[in-house]
Amino acid sequence: MVCINRRLRSDLSSCAARNSEDLAKAIEAEVQARGLDIRVERTVCMGRCDFGPTVRVAPGGAFHLGLAPNDVGDFLNELEVNLNLKKENNKINELPAPGT
Ligand code: FES
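Everything quoted here is computed from the prediction, not taken from an experiment.

A. Layout of the nonpolar core. One finds V2, C3, I4, C15, L23, A24, A26, I27, V55, L67 and V72 forming the largest nonpolar core, which totals 11 residues. Counting only elements with at least two residues in this core, the list comes to β1 (2–3) and α1 (20–34). Considering each element in turn, this core owes the most residues, four residues, to α1. Residues contacting A26, with those up to four places away along its chain left out, are P69 and V72.

Structural data, given as structure tokens:
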């Protein structure tokens, strides 16, 4: 989940004011490029406005605060390890094709 909330008062911090839409685009592009089986969801405020952009791995995962687009590679590398997302670890890929 990537917060793209923009608070109406310009004197208040928000993730959108801290370029979270660029971060969301970078995460979406990299997830697609890597072929990861995860969904990137743009969300409203998650209550961490002063430390954003706010990213949370759902369900119930840790908050990742203050990421920038150039952090996305390292962030996804960490997720792939922690969530065991590597394609070579996906047992479905090891199943024979139907009819073989
Ligand atoms: S605006 Fe993103 S956490 Fe509040």
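Having seen the model, we can carry on.
B. View of the environment of T43. Relative to the elements of secondary structure, T43 occurs in strand β2 (residues 42–43). Given 17 C-beta atoms within a 10 Å radius, T43 is considered partly exposed. Spatially, the C-alpha atom of T43 lies 6.0 Å from that of I4, the residues being 39 residues apart in sequence. When near neighbours in sequence (up to four residues on either side) are disregarded, T43 contacts M1, V2 and C3.

C. Broad picture of helix α2 (residues 72–82). Counting buried positions along α2 yields one of 11 residues, so the element is predominantly exposed. Note on α2: the residue one or two positions beyond its end, N84, has a positive phi of about 55°.

D. How the structure looks around α1. Between its first and last C-alpha, α1 extends 21 Å over 15 residues, near the 21 Å set by a 1.5 Å rise per residue. S20, L23, A24, A26 and I27 are the residues of α1 that are buried. Mapping the buried residues of α1 onto a view down its axis gives an arc of 165°, with all of them on the same face. With respect to the buried face of α1, the exposed residues turned more than 90 degrees away are Q32 and A33. Each element contacted by the buried residues of α1 is listed here: β1, β2 and α2. A positive phi of about 65° marks G35, the residue just after α1.

E. Molecular detail of the packing of α1 against α2. Where α1 contacts α2, the two axes come as close as 10 Å, and the packing angle between them is 55°. On the basis of their axis angle, the class for α1 and α2 is oblique. For the crossing formed where α1 meets α2, the hand is right-handed. Side by side, α1 and α2 meet where A26, I27, E30, V31 and R34 of the first sit next to V72, G73 and L76 of the second. Of the residues belonging to the contact of α1 with α2, the class tally is five nonpolar, one polar and two charged.

Thresholds, definitions, all that
Residues numbered from 1 in each chain as written. Predicted model: local features only at pLDDT ≥ 70, side-chain atom pairs only at ≥ 80, totals over all residues. Core = buried A, V, L, I, M, F, W, Y, C linked by C-beta atoms within 7 Å. Buried ≥ 20, exposed ≤ 12 C-beta atoms within 10 Å, placed from the backbone. Helix = DSSP H or I, 4+ residues; strand = E, 2+ residues; numbered from the N terminus. Contact = placed C-beta atoms within 7 Å. Expected span 1.5 Å × (residues − 1). Arc of directions from axis to C-beta. Axes fitted to C-alpha atoms, helices over the stretch in contact; angles between N-to-C directions. Parallel < 35°, antiparallel > 145°, perpendicular 65-115°, else oblique. Left-handed = near helix turned anticlockwise from the far one by under 90°. Nonpolar A, V, L, I, M, F, W, Y, C, P; charged D, E, K, R; others polar.

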